[in-house]
Amino acid sequence: EKEGHDRTTITLPGVQLQLVQQVVAANKNTVVVLINGGPLAIEWIKENVPAVVEALYPGEMGGDAIANILFGKVSPSGRLPYTIYPADFIQRSFFDMSLRDNGGCTYRYYTGTPLWTFGDGMSYTTFNYSWSRPSQIEGRRFHTMRLGRGDDVIDYTVTVKNTGSVASDEVVLGFLIGKLPNTPQKELFDFGRVHLEPGESATVHLSMPPEVLSSVGKDGLQEIQAREYEIRVGDLRSRFILEGESFKIFDLPNIKKRHDKRGRF
């Protein structure tokens, strides 16, 4: 696995899986640490090993960082930067650049059951999320033109409380949930990171760029549509409504009018 050398599978190479199976057979209290540059399909490990640490390529101090997590000196708080697919995902043709076709790909369009999805991550403690201003959240209305011009801002303030017994960072992710054909199933619109001692609370402010609400048609027109939208932050959900005419953000130039009979621009 390196630049200029594609993998033919997304499973563990060589006898790595057999090694894990032998170790688990000897001691079920095993933690698998993955050091890799891309997602690995590890179905057997997920079903049979108590814990997995995704270390990616952790760099020169990676050993210390991994040891601090394994021995409980630091609580893990990272989030997966990609979706981890099952092994049969490679049946999809990678010459097909469409994110939507043939079952889709990335967390935005994949319709199968992933092993883990973009944004997944665990901690040695637990957190509770709540809206900081509940009465001002549900059913808000915005105008497409004011939003597209930047006159209005869609934002959310979330209170996060560490309800466990271990100090830890928490990464709060805000997702826009798609409900229309050819739109992403969900899309990250903002995130924030806080460090909380046991019992401590903090507020995280999330705002949504207008471009996240836009979609691009086959004609190349990128615009914000007036309709109902839904967002998710942790286990919290809320909806808002955009009213007015569709607001154009970007339009492709008319290439046909810009070249001569020989095809020159």
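Residues numbered from 1 in each chain as written. Predicted model: local features only at pLDDT ≥ 70, side-chain atom pairs only at ≥ 80, totals over all residues. Heavy atoms only, no water.

**Some thoughts on the sheet that holds strand 3 (residues 127-131)**
Within a beta sheet, neighbouring strands are joined by backbone hydrogen bonds and run either parallel or antiparallel to one another.
Here comes step 1: Judged by pairing direction, the sheet is antiparallel, and its three strands sit side by side in the order 3-5-8 without closing on themselves. Each edge of the open sheet is held by one strand with a lone partner, namely strand 3 and strand 8 (201-208). When strand polarity is set aside, the average angle formed by the axes of neighbouring strands in this sheet is 30°.
Here comes step 2: Pairing analysis gives five bridges linking strand 3 to strand 5 (residues 154-162), with the strands arranged antiparallel. Bridge pairing in strand 5 links serine 130 to threonine 159. (Pairing = 2+ DSSP bridges. Helix = DSSP H or I, 4+ residues; strand = E, 2+ residues; numbered from the N terminus. Axes fitted to C-alpha atoms, helices over the stretch in contact; angles between N-to-C directions.)

**Some points on the sheet that holds strand 7 (residues 186-196)**
Here comes step 1: Ordered by their spatial adjacency, five strands build an open sheet running 4-12-11-6-7, and the pairing between neighbours is mixed. A single partner strand is all that each edge strand has here, and the edge strands are strand 4 (140-143) and strand 7. Averaged over all pairs of adjacent strands, the angle between their axes in this sheet comes to 25°, without regard to strand direction.
Here comes step 2: Here four bridges tie strand 4 to strand 12 (residues 236-243), and the two strands are oriented parallel to one another. Looking at strand 12, one finds that arginine 141 is bridged to isoleucine 241.

**Concerning the confidence of the model for the protein**
Parts of the model with low pLDDT should not have their predicted coordinates read in detail.
Here comes step 1: Mean pLDDT over the protein works out to 89, with 93% of the residues at or above the 70 mark.
Here comes step 2: This stretch, residues 255-265, has a pLDDT under 50; its non-local contacts, to residues over four places away or in other chains, come to six contacts. (pLDDT = per-residue confidence, 0-100. Contact = heavy atoms within 4.5 Å.)

**Considerations on the nonpolar core**
It is characteristic of soluble globular proteins that their nonpolar side chains tend to be buried jointly.
Here comes step 1: If you look at the biggest cluster of nonpolar residues, it comprises 28 residues, and the most contacted ones within it are Ile154, Leu176, Met208, Leu213, Ile231, Phe240 and Leu242.
Here comes step 2: Looking at this core, the elements that each hand over two or more residues are strand 3, strand 5, strand 6 (168-177), strand 7, strand 8, strand 11 (228-233) and strand 12.
Here comes step 3: The element contributing the most residues to this core is strand 5, with four residues.
Here comes step 4: Core analysis: the second largest hydrophobic core is formed by 13 residues, Val32, Ile45, Tyr82 and Ile84 among them. (Core = buried A, V, L, I, M, F, W, Y, C linked by side-chain atoms within 4.5 Å. Buried < 20%, exposed > 50% of the residue type's maximum accessible area, 1.4 Å probe, protein only.)

**Remarks on the layout of surface pockets**
Here comes step 1: Estimated volume of the largest pocket: approximately 970 Å³.
Here comes step 2: What lines the largest pocket is a set of 34 residues, among which Val52, Val53, Glu54, Pro76 and Met122 lie closest to the centre.
Here comes step 3: Contributions of two or more residues to the lining of the largest pocket are made by strand 1 (31-34), strand 2 (51-54) and helix 3 (62-70).
Here comes step 4: If you tally residues by element for the lining of the largest pocket, the top one is helix 3, at five residues.
Here comes step 5: Of the residues assigned to the lining of the largest pocket, the class counts are 23 nonpolar, six polar and five charged. (1 Å grid on protein atoms, 1.4 Å probe; cavity = no way out; pocket = protein on both sides within 12 Å on 5 of 7 lines; lining within 4 Å. Points joined across faces, edges and corners; volume = space filled by probe spheres on them. Nonpolar A, V, L, I, M, F, W, Y, C, P; charged D, E, K, R; others polar.)

**Focus: the environment of phenylalanine 89**
Here comes step 1: Topologically, phenylalanine 89 is positioned in the loop between helix 3 and helix 4 (106-109).
Here comes step 2: Here phenylalanine 89 falls in the buried class, since its relative accessible area comes to 9%.
Here comes step 3: Spatially, the C-alpha atoms of phenylalanine 89 and proline 13 are 16 Å apart, while their sequence positions differ by 76 residues.
Here comes step 4: In this structure phenylalanine 89 touches Ile10, Phe94, Gly104, Cys105 and Tyr110, once residues within four positions along its chain are discounted.

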